[in-house]
Amino acid sequence: MRNISSVLGRLAKTVSVGLMLLFAVTMAHAQDVKEGETLFKSKCTTCHSVTRNMVGPALAGMSERHSEEWLISWIHNSQAMIASGDEAAVQLFNDWNKLVMTSFTDLSDDQIKSIIAYVDAEEAKAAAGPAEGEGGAGAAQSSDANTLMILGLLAIVVLAVIVIVVLNRVIHTLEKVIAGNQAAIEAAQAENEEYEENRFGKFARAFVRNKKLVGFAVLMLVAFLGVLGWNTMWNVGVHTGYQPVQPIKFSHQIHAGVNQIECQYCHGGAFKSKNASIPSANVCMNCHNTVTAADHYDGETSPEIAKIYKALDYDPATREYGDNPRPIEWVRIHNLPDFAYFNHSQHVSVAGVECQTCHGPIETMEEVYQYSPLTMKWCVDCHKTTEVNADNAYYDQLIEAHEKLKKGEKMTAAMIGGLECGKCHY
């Protein structure tokens, strides 16, 4: 009996230790997967997805195609493996149009193993589909919810019936009271109407007889209509706050605010032209051929970025352009009358005026709206207070031309900007 007891004790200890080890391994694996998820989203989602091709191939099945040591070496420095002649590395490089993968030398071997564990876990989830038993549990919960809903509706119906019965009793009582006092009520109403009529008549007669008061009232009416008409005409063509719906929900707050992209990267005409210009979709593709915001849309490309792809007839899977591109029909926000000449380059390059001076805090706008009135008075007030920035080549050339004229040297209109297109064609 003692031997059996001793054996059972040792067996219990062994089982206990085994369960603790299993729990520790499970927790460690879970921790690895969690760390891998964090690293994957910060390092990999720009180019890769687990289940579909993006800039790079889908990562599902990579543990079956390659050994763990190979994957660690590839992620650390793919170009070194290609240069060494590794067959799998060279083939993968050629299959994906020789796109250079970023080297992640800052990641340790354990961190890369965590990423691999996360990819394997996501692959297993995708292959398994909805977990078994979810249907039964969901049906039970749905049944309970339906029962509660039916009971709630019955309670509401019963309460409504009680309220209706009570209201009917109250209405019948009030009708009896009114019927008993109908004559008194009608007499009181007649007396009140006669009083109001006499009072209004007296006031009207007194007002008409007072010619000064009538004249003053007419004068006030004319002044009010004049001010109203003036304000209405003054604001004709002024569209402050105008915010049309655009075909693509482009966020200046994200691009100019969070990512701090310079305004002139997209609106390059502001430096050298009358117009600031609307960028072509190819400018968007400088970034969005790789940036898809997939981490915010469950691995799918952002629907707004997808509109750019559609406009360019671009296939992100093959990274090829089709033969049916279409222009993006942006809605213009800032409009000046045809008789008003405004040159962006004169203000931005010569005067050094910031974009926000006219367009407001554009870097905070989720959707752009017209910030300033853009009226002549608004422009004139700005010109009255803005100091001239004489420290630039524009005024240096004017001073040089003036000195030549003082010396009697020959000057032509072309030498002082007379050949600029904008002098005549605006």
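Residues numbered from 1 in each chain as written. Predicted model: local features only at pLDDT ≥ 70, side-chain atom pairs only at ≥ 80, totals over all residues. Heavy atoms only, no water.

- In the nomenclature of an unreviewed UniProt entry, the protein is known as C-type cytochrome of Sphingobacterium phlebotomi.

### Observations concerning the overall build of the protein
Part 1: Regarding its fold elements, the protein presents 18 helices and two strands.
Part 2: Relative to its 426 residues, the protein shows a buried fraction of 18%.
Part 3: Here the analysis covers contacts within the protein between residues at least 6 apart in sequence; of these, 59% occur between residues at least 24 apart.
Part 4: About 31,200 Å² of surface is accessible on the protein, with carbon and sulfur atoms providing 61% of the total. (Helix = DSSP H or I, 4+ residues; strand = E, 2+ residues; numbered from the N terminus. Buried < 20%, exposed > 50% of the residue type's maximum accessible area, 1.4 Å probe, protein only. Contact = heavy atoms within 4.5 Å. Areas by Shrake-Rupley, 256 points an atom, 1.4 Å probe, with all protein chains shown as cover.)

### Comments concerning the pattern of salt bridges
Part 1: In the structure shown here, the tally under the stated rule is nine salt bridges.
Part 2: Residue K34 is joined to E37 by a salt bridge in which the shortest nitrogen-to-oxygen separation is 3.9 Å. Of this pair, K34 and E37 both sit in helix 1 (residues 2-43), three residues apart, which is roughly one turn of that helix.
Part 3: Overall, the relative accessible area of 23% leaves E37 in the partly exposed class.
Part 4: For E37, the salt bridge goes to K41, with nearest N and O atoms at 3.2 Å. Highlighted residues: E37 and K41, both in helix 1, separated by four residues, approximately one helical turn.
Part 5: Each of the salt bridges in this network shares a partner with another, and the network as a whole consists of K34, E37 and K41. (Salt bridge = Lys/Arg side-chain N within 4 Å of Asp/Glu carboxyl O.)

### Let's talk about the side chain of H252
Part 1: Residue placement: H252 occurs in helix 10 (residues 252-258).
Part 2: Classification of H252 by relative accessible area gives buried; the value is 18%.
Part 3: Aside from chain neighbours lying at most four places away, what touches H252 is G257, H267, I362, E363, M365, E366 and V368.

### Considerations on the nonpolar core
Part 1: F40, W74, L107 and V119 are the most contacted members of the largest nonpolar core, which totals 24 residues.
Part 2: Those elements that place two or more of their residues in this core are helix 1, helix 3 (68-76), helix 4 (78-83), helix 5 (87-95) and helix 6 (109-128).
Part 3: Here this core gets six residues from one element, more than from any other, and that element is helix 6.
Part 4: Not counting chain neighbours up to four residues away, the residues in contact with F40 comprise T45, H48, V50, L59, I115, Y118 and V119.
Part 5: Grouped together as the second largest cluster of nonpolar side chains are ten residues, I305, I308, Y309 and A311 included. (Core = buried A, V, L, I, M, F, W, Y, C linked by side-chain atoms within 4.5 Å.)

### Points about the confidence of the model for the protein
Part 1: Of the residues in the protein, 86% have a pLDDT of 70 or more, and the chain-wide mean is 81.
Part 2: Within the protein, the element-level pLDDT minimum falls on helix 1, averaging 54, and the maximum on helix 14 (residues 303-312), averaging 96.
Part 3: Note that residues 1-28 has pLDDT below 50 and, in this model, zero contacts with residues that lie over four places away or in other chains.
Part 4: Here residues 131-140 scores under 50 on pLDDT; set against residues more than four positions off or in separate chains, the count is zero contacts. (pLDDT = per-residue confidence, 0-100.)

### Quick notes on the environment of G417
Part 1: Relative to the helices and strands, G417 is located in the segment after helix 18 (393-406).
Part 2: Residue classification places G417 among the buried positions, given a relative accessible area of 16%.
Part 3: As a C-alpha pair, G417 and Q397 span 20 residues in sequence and 9.9 Å in three-dimensional space.

### Regarding a negative patch on the surface
Part 1: Together, D32, E35, E68, E69, D109 and D110 line one region of the surface with negative charge.
Part 2: Listing elements by their share of the negative patch, those giving two or more residues are helix 1, helix 3 and helix 6.
Part 3: Tracing the chain through its elements places D110 in helix 6.
Part 4: The class for D110 is exposed, based on a relative accessible area of 54%. (Patch = residues over 30% accessible without salt bridge, like charges linked within 9 Å, V, L, I, M, F, W, Y side chains within 5 Å. Lys, Arg positive; Asp, Glu negative; His and termini not counted. Charge placed at Lys NZ, Arg CZ, Asp CG, Glu CD.)

### What to know about unusual backbone geometry
Part 1: Although it is not a glycine, D313 sits at a positive phi angle of roughly 55°.
Part 2: Looking at D313, the relative accessible area reads 29%, which means it is partly exposed.
Part 3: If you check the backbone angles, R319 has positive phi at about 60° while not being a glycine.
Part 4: Accessibility expressed as a relative area gives 23% for R319, which makes it partly exposed.

### Regarding helix 14
Part 1: Residues of helix 14 that are buried include every one of E304, I305, I308, Y309, A311 and L312, and no others. Along the long axis of helix 14, the arc covered by the buried residues comes to 165°, so they all point the same way.
Part 2: Elements that come into contact with the buried residues of helix 14 comprise helix 13 (281-288), strand 1 (314-315) and strand 2 (320-321).
Part 3: Looking at the residues trailing helix 14, positive phi occurs at D313, about 55°. (Arc of directions from axis to C-beta.)

### A word on the UniProt feature "transmembrane region" (unreviewed entry) in the protein
Part 1: Within this numbering scheme, the UniProt entry marks residues 148-167 and 213-234 as carrying the feature "transmembrane region" (unreviewed entry).
Part 2: Each end of residues 148-167 is marked by a C-alpha atom, and these two atoms are 29 Å apart; helix forms 100% of the span and strand 0%.
Part 3: The distance separating the terminal C-alpha atoms of residues 213-234 is 31 Å; by composition the span is 100% helix and 0% strand. (UniProt positions renumbered as here; feature names shortened; annotations may be inferred.)

### Considering the packing of aromatic side chains
Part 1: Tallied over the full model, the rule gives five aromatic pairs.
Part 2: A ring pair is formed by F40 and Y118, whose centres lie 5.3 Å apart and whose planes are at 50°; its orientation type is tilted. Of the two residues, F40 is situated in helix 1 and Y118 in helix 6; the sequence distance between them amounts to 78 residues. There is no split in this pair, since F40 and Y118 are both buried. (Phe/Tyr/Trp six-rings, centres within 6.5 Å; stacked < 30°, edge-to-face > 60°.)

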